[in-house]
Amino acid sequence: MKNDLFIVKPGLKISLKKDYDPAYKGEYINKAGASVQLSQSIERLAKYQDMLYAQNTYALLIILQAMDAAGKDGTIKHVMSGVNPQGCQVFSFKSPSAEELDHDYLWRSFKALPERGNIGIFNRSYYEEALVVRVHQEILDKQQLPPEAKTKDIWKRRFEEINNFEKYLVSNGIILLKFFLNVSKSEQKKRFLDRINRPEKNWKFSVNDAKERAFWNDYQKAYEDMFNNTSTKWAPWYIIPADTKWFTRLTVANIICDKLKSLNLAYPTVSEEHKNQLLKAKEMLENE
Ligand code: ATP
Ligand code: MG
């Protein structure tokens, strides 16, 4: 499967509706075929992560954005199931706290960036600042912004700020992967009903989720504008079909593996002096 298929080419104007099919499954027919490949990708990912951690030079920041019930949580759970927890950190971004609102909007993200050697996952992210905040302008009104920052061109400005922020990250070794899990409105309905019908899934559903669904078209528009303005050479967006869970997980895992592979990771090499020290230690241990 060509991962390029899902990339939003920088500079290109896309239409979410026309260009991206949420039900796309590539050449896969069923889960069984894909699950063997997913296990292999998870194993590869674990190997790359080990090198990423040992090399301690790059960090990988994975951003997950989606409508509710698109499968962010399941993707994190499955794709990251083989990685060493020591080198991985997940942050879920909710509505900002009073303290967070007292700062600029990137402040809380700065604090949550992964350390070198680590994989960081943002479950939702600063992109909400041009999504939920754009769809519900009353949220913007509560952000303590000066009037000159609240002008009409605010979204265009936020896109530019985010692009600059990401450029700064990437050129300092914090590599970005941005995924949008593209679920259809009808599949979301099915998943919501499933969450309501199955007691063990009830906790995953809130009435607010159903209310947000009423703003579906506004969100699609906000997402589309965001992709068209923030898919850059240094941090392009990937729009992943999300009506079929196993396909979403496999595709995300493959793209992460390919990105890590492209970094040419390697275990740190040991100096001659260190090698001599190892030999001395070995001799000491053997002569104990
Ligand atoms: P799930 O429902 O699968 O548990 P979730 O990511 O939807 O995961 P929720 O607690 O349901 O988590 O929702 C978090 C909410 O916080 C979302 O509605 C999101 O839009 C909102 N949010 C996130 N970032 C911001 C922000 N910067 N400003 C305002 N609201 C935000
Ligand atoms: Mg939710």
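Going by the structure above, here's the rest.
Our subject in this report is the structure included herewith. What you see is a predicted model, and the numbers here were worked out from it, not measured in a lab. Residue numbers here run from 1 along each chain, matching the order of that chain's written sequence. Throughout, the order in which chains and ligands are written sets their labels, letters from A for the former and numbers from 1 for the latter. Note on the predicted model: pLDDT of at least 70 is required for a residue's local features to be given, and 80 or more for side-chain atom pairs to be given and counted; whole-chain, interface and lining totals, by contrast, use all residues. Only hydrogens and water are set aside when side-chain values are computed; all heavy atoms of the structure are taken into account.

**Thoughts on the overall build of the protein chain**
Thinking step 1. Numbering of helices and strands starts at the N terminus; helices are DSSP runs of H or I of at least 4 residues and strands are runs of E of at least 2. Tallying secondary structure elements over the protein chain gives 13 helices and five strands in all.
Thinking step 2. Once the C-alpha set of the protein chain is aligned to its principal axes, its extents read approximately 75 × 50 × 40 Å.
Thinking step 3. Counting over 288 residues, the protein chain shows a buried share of 47%.
Thinking step 4. Any two residues whose heavy atoms approach within 4.5 Å are treated as being in contact. Sequence-distant contacts, at least 24 apart, represent 81% of the contacts inside the protein chain between residues at least 6 apart. Working definition: with a 1.4 Å probe on protein chains only, accessible area under 20% of the residue-type maximum means buried, over 50% means exposed, and in between means partly exposed.

**A closer look at the pattern of salt bridges**
Thinking step 1. Counted as salt bridges are all cases of a side-chain nitrogen of Lys or Arg within 4 Å of a carboxyl oxygen of Asp or Glu. Under the definition given, this model contains 17 salt bridges.
Thinking step 2. As a salt-bridge pair, E128 and R124 come within 2.9 Å of each other at their nearest N and O atoms.
Thinking step 3. Ionic pairing is found between R198 and D194, a salt bridge with its closest N-O pair at 3.5 Å.
Thinking step 4. Judged by relative accessible area, which is 36%, R198 ranks as partly exposed.
Thinking step 5. Judged by relative accessible area, D194 falls into the partly exposed class, the value being 25%.

**Examining empty space enclosed by the protein**
Thinking step 1. Cavities and pockets are defined on a 1 Å grid built over the protein atoms alone: a cavity is a set of grid points where a 1.4 Å probe fits but cannot escape, while a pocket is an open set with protein on both sides within 12 Å along at least five of seven lines, and lining residues are those with an atom within 4 Å of any such point. Grid points are joined across faces, edges and corners, and a volume is the space filled by probe spheres set on the points. One pass over the structure, following the stated rule, counts one cavity of 30 Å³ or more.
Thinking step 2. Within this model, the largest cavity holds a volume of roughly 50 Å³.
Thinking step 3. Looking at the largest cavity, the residues that line it are I62, L64, T75, I76, V79, M80, I121, V252 and I256.
Thinking step 4. Going through the elements one at a time, β1 (59-66), α3 (72-79) and α12 (245-262) are the ones with two or more residues in the lining of the largest cavity.
Thinking step 5. By residue number, the principal contributor to the lining of the largest cavity is α3, which donates three residues.
Thinking step 6. Counted by class, the lining of the largest cavity contains eight nonpolar, one polar and no charged residues. Basically, the charged four are Asp, Glu, Lys and Arg, the nonpolar ten are Ala, Val, Leu, Ile, Met, Phe, Trp, Tyr, Cys and Pro, and anything else, Gly included, counts as polar.

**Brief notes about the nonpolar core**
When a protein is soluble and globular, its nonpolar side chains tend to lie buried together.
Thinking step 1. Grouped together as the largest cluster of nonpolar side chains are 80 residues, with contacts concentrated most on F179, F227 and I256.
Thinking step 2. In this structure, I256 is in contact with L45, L60, I62, V79, L177 and F179, ignoring residues within four places of it in sequence. To form a nonpolar core, buried Ala, Val, Leu, Ile, Met, Phe, Trp, Tyr and Cys residues must be joined to one another through side-chain atoms within 4.5 Å.

**Topic: the sheet that holds strand β2 (residues 88-92)**
Thinking step 1. Pairing between strands requires that DSSP locate at least two bridges from one strand to the other. Across the sheet, which stays open at both edges, the five strands sit in the order β2-β3-β1-β4-β5 with parallel pairing between neighbours. The open sheet has two free edges, formed respectively by β2 and β5 (237-241), since each of these has just one partner strand. Neighbour-to-neighbour, the strand axes of the sheet open up by a mean angle of 20 degrees, direction not taken into account.
Thinking step 2. Of the strand pairs in this sheet, β1 and strand β3 (residues 119-123) are connected by five bridges, and their pairing is parallel. Note on β3: the bridge partner recorded for L64 is N123. For helices, the axis comes from a line fit to the C-alpha atoms of the stretch in contact; other axes are also lines fit to C-alpha atoms, and the angle between any two N-to-C directions lies between 0 and 180 degrees.

**Concerning the packing of helix α8 (residues 154-170) against helix α11 (residues 216-230)**
Thinking step 1. It is the contact of α8 with α11, at a shortest axis distance of 10 Å, that shows an interaxial angle of 45 degrees. Considering their axes alone, α8 and α11 lie oblique with respect to each other. Read as a crossing pair, α8 and α11 show a hand that is right-handed. Seen from α8, the contacting residues are F159, N163 and E166; seen from α11, they are D225, M226, N229 and T230.
Thinking step 2. By residue class, the composition of the contact of α8 with α11 is two nonpolar, three polar and two charged. Should an angle lie under 35 degrees it is considered roughly parallel, over 145 roughly antiparallel, and from 65 to 115 roughly perpendicular; all remaining angles are considered oblique. Put simply, a crossing is left-handed when the front helix is turned counterclockwise from the back one by less than a right angle, and right-handed when it is turned clockwise.

**A short note on the site of ligand 1**
Thinking step 1. Each residue is tested against the molecule or strand, and it is near if at least one of its non-hydrogen atoms lies within 4 Å. Taken together, 13 residues lie around ligand 1, and D68, K72, K94, R124 and E129 are the ones closest in.
Thinking step 2. In this structure, an oxygen atom belonging to ligand 1 sits 3.0 Å away from a side-chain N or O atom of K72.
Thinking step 3. The separation between an oxygen atom of ligand 1 and a polar side-chain atom of K94 is 3.0 Å.
Thinking step 4. Where accessible areas are quoted, they stem from the Shrake-Rupley method and a 1.4 Å probe; at the residue level, only the protein chains shown are allowed to cover. Its free accessible area being 630 Å², ligand 1 has 78% of it covered by the protein chains.
Thinking step 5. At the level of elements, α3 and α6 (132-135) are the ones that each hand at least two residues to the shell around ligand 1. Distance and chemistry together define a polar contact, namely a pair of N or O atoms within 3.5 Å, with one atom able to donate a hydrogen and the other to accept it when in protein, and with adjacent residues in sequence counting only for side-chain atoms on both sides.

**Here's the deal with the side chain of S184**
Thinking step 1. When you line up the elements, S184 lands in the loop between β4 (174-182) and α9 (185-197).
Thinking step 2. Polar side-chain contacts of S184 include one of 3.1 Å to the backbone nitrogen of E187.
Thinking step 3. Residue contacts for S184: discarding those within four places in its chain leaves P22, W216 and D243.

**Some remarks on α11**
Thinking step 1. Taking 1.5 Å per residue as the helical rise, α11 with its 15 residues ought to reach 21 Å, and the 21 Å between its terminal C-alpha atoms agrees with that figure.
Thinking step 2. Inspection of α11 places W216, Y219, Q220, A222, Y223, M226, F227, N228 and T230 among the buried residues, and these make up the whole buried set. The span expected for a helix works out to 1.5 Å for each residue beyond the first.

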